[in-house]
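Commentary on secondary and tertiary structure
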Amino acid sequence: MQSHRFLRPLWPSLTIRISPRPTSASPPSLRSAAPRIRPFSQTHRLRLPNWPRPSPPRDNTRRSYHHDVDPRRRLSQAKPFVTSDGLRRFARSPSLRTVVVLSVLGAVGFYFANLQTVPVSGRRRFNCFSDATVEAASEAQVKRIVYEVERAGGRFLNDWDPRMRLVKRVMKRLIPVSGMENANWEITVIDDPHTANAFVLPGGKVFVFSGLIPIAKNEHGLATVLGHEIAHNLAGHVAERMSGQIGTNILLYSLIFLTGGLAILGTQFIGSAVLDLLFSRPMGRMQESEADYIGLMMMAEACYDPHEALGFWQRMERAQQGEPPEWMSTHPSANSKQNFNRIQKIGEWMPKALEKRKESDCQGTSAFADLFRQAMVRGVRIA
């Protein structure tokens, strides 16, 4: 009995049962129901559809579905923001005519609503900017001037320098008659003997180059040029120039819209050019003539001698025969022929200026500036 035990198989799990092969005599149901079993196999013959996944290619070739997420391909297939067909459809749309008519009527109404009469010349002009807006715009130009002077190695005179004290004495008498006593006045003198220039930016920012002081010669001559520059602010000439740039701004924003924003990349180059156009380019001849008259009346009201204005412009004309001063480049009336006309005009205004000086109490009353502002509001002429 024990010997028979040793004859038993030691691996019963490997026992294979072979079913009888169905014969042709067997029923069809039995032939189809008999499964085919593969020995020693743990998987079915059919492979699962999602396993295992095919291994990615080892080379650098891309499959076709990668092109759908390629940004360069998507950019090349992007549709343009503005197309010629779209523009033609927009131009033919009935609503466009209504928009154009309303825009033109609105622009014409806005223009006539902001027309002003300059009291000293009777000239009609378009001005839609307030003094506060102009002062905010001039802050950028002030920072730019200071930066350019420091970058060039320039120096600003301190308060104890005789040239700085001279400029401050003149401004102390001109500010009360300017009609802008409440402005935040800042006086800066740049130590540059080779530059004869001076200007007053909106908001009371005064810049004088030391090279102008020898040509001015005295306080009366310096009051002539500083009164002229203050007059540009009293007359609102910078605001008038800014108002004239509205058409340019509309064109610029239209280009930005039509190009889908690409034109905005050029605004960084336009910014400095706009500042030059507003604050550094020459004023018109009529603006210069108006500033001459206003400045002459203000210096007379501050008890400076109006006759000194004639001497100053004559010295400027002689200085032009050599190397033209920097002031000439920003004042078109400073060339030989036009400077002669300026001197002639000042001679014609001299009786009025002498009368203004005689009527002044020399206490810094801004009678002329107040009269100018009132006439500007009423739209009447005073000269």
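Here, the structure is the one placed above.
The sections below set out a description of the structure shown in this document. (Residues numbered from 1 in each chain as written. Predicted model: local features only at pLDDT ≥ 70, side-chain atom pairs only at ≥ 80, totals over all residues. Heavy atoms only, no water.)

**Examining empty space enclosed by the protein**
- Counted according to the given criterion, the structure contains one cavity of 30 Å³ or more.
- Approximately 50 Å³ is the volume attributed to the largest cavity.
- If you trace the largest cavity, you find it lined by Thr224, His228, Ala291, Asp292, Gly295, Leu296, Met299, Ala309, Trp313 and Ile346.
- Looking at the lining of the largest cavity, the elements that each hand over two or more residues are helix H9 (219-234), helix H13 (285-301) and helix H14 (307-321).
- Looking at which element gives the most residues to the lining of the largest cavity, the answer is H13, with five residues.
- Among the residues forming the lining of the largest cavity, the class breakdown is six nonpolar, three polar and one charged. (1 Å grid on protein atoms, 1.4 Å probe; cavity = no way out; pocket = protein on both sides within 12 Å on 5 of 7 lines; lining within 4 Å. Points joined across faces, edges and corners; volume = space filled by probe spheres on them. Helix = DSSP H or I, 4+ residues; strand = E, 2+ residues; numbered from the N terminus. Nonpolar A, V, L, I, M, F, W, Y, C, P; charged D, E, K, R; others polar.)

**Details of the pattern of salt bridges**
- Taken as a whole and assessed by the stated rule, the structure comprises 13 salt bridges.
- Of the charged contacts, one joins Glu148 and Arg144 as a salt bridge, the two residues approaching to 3.1 Å between their closest N and O atoms. A residue pair is termed a helical-turn pair when its members lie 3 or 4 positions apart in one helix, as Glu148 and Arg144 do in helix H6 (residues 131-151) at four residues.
- Take Arg144: its relative accessible area is 22%, and that puts it in the partly exposed class.
- Arg342 serves as the salt-bridge partner of Asp292, at 2.7 Å between the closest nitrogen and oxygen. Pair noted here: Asp292 is in helix H13 and Arg342 is in helix H16 (residues 336-359), with a separation of 50 residues, a long-range link.
- Overlapping salt bridges, with partners in common, bring together Arg123, Arg125, Glu240 and Glu290 in one network. (Salt bridge = Lys/Arg side-chain N within 4 Å of Asp/Glu carboxyl O. Buried < 20%, exposed > 50% of the residue type's maximum accessible area, 1.4 Å probe, protein only.)

**Some words on the packing of aromatic side chains**
- This structure, assessed with the given rule, holds eight aromatic pairs.
- Ring plane angle 25 degrees and centroid distance 5.2 Å describe the contact between Tyr111 and Phe126, whose orientation is recorded as stacked. Of this pair, Tyr111 sits in helix H5 (residues 94-113) while Phe126 sits in strand E2 (residues 124-126), and the two are 15 residues apart along the sequence.
- Ring plane angle 25 degrees and centroid distance 5.3 Å describe the contact between Phe199 and Phe207, whose orientation is recorded as stacked. Accessibility classification places Phe199 together with Phe207 in one group, the buried group.
- By the ring-pair criterion, three or more aromatic residues cluster together here, those being Phe110, Tyr111, Phe112 and Phe126.
- When the ring centre of Tyr304 is taken as origin, the NZ or CZ atom of Arg173, which lies over that ring, is 3.9 Å away.
- The side chain of Arg342 reaches across the aromatic face of Trp313, ending 4.0 Å from its centre. (Phe/Tyr/Trp six-rings, centres within 6.5 Å; stacked < 30°, edge-to-face > 60°. Lys NZ or Arg CZ within 6 Å of the ring centre and 35° of its normal.)

**Looking at the sheet that holds strand E5 (residues 205-209)**
- A sheet is described by the order of its strands in space; here three strands give the open sequence E3-E5-E4, paired in mixed fashion. Every interior strand has two partners, whereas the edge strands, strand E3 (186-190) and strand E4 (198-201), have only one. Strand-to-strand twist in this sheet, taken as the mean axis angle between neighbours without regard to direction, amounts to 15 degrees.
- Pairing geometry for E4 and E5, over four bridges, is antiparallel. By the bridge assignment, Leu201 is partnered in E5 with Lys205. (Pairing = 2+ DSSP bridges. Axes fitted to C-alpha atoms, helices over the stretch in contact; angles between N-to-C directions.)

**Comments concerning the nonpolar core**
- Membership of the largest hydrophobic core comes to 55 residues, with the highest contact counts inside it found for Leu226 and Ile294.
- It is H13 that provides the largest number of residues to this core, a total of eight residues.
- In this structure, Ile294 is in contact with Val120, Ala231, Leu234, Ala235, Phe368 and Phe372, ignoring residues within four places of it in sequence. (Core = buried A, V, L, I, M, F, W, Y, C linked by side-chain atoms within 4.5 Å. Contact = heavy atoms within 4.5 Å.)

**Side note on H9**
- Compared with an ideal rise of 1.5 Å per residue, which puts 16 residues at 22 Å, H9 spans 21 Å between its outermost C-alpha atoms and is within 8% of the ideal.
- One side-chain oxygen at the N-terminal end of H9 lies 3.1 Å from the backbone nitrogen of His220; it belongs to Asn218.
- Count one or two residues on from H9 and you reach Gly236, which has phi positive near 70 degrees. (Expected span 1.5 Å × (residues − 1). Polar contact = N/O pair within 3.5 Å; in protein donor to acceptor, adjacent residues only side chain to side chain.)

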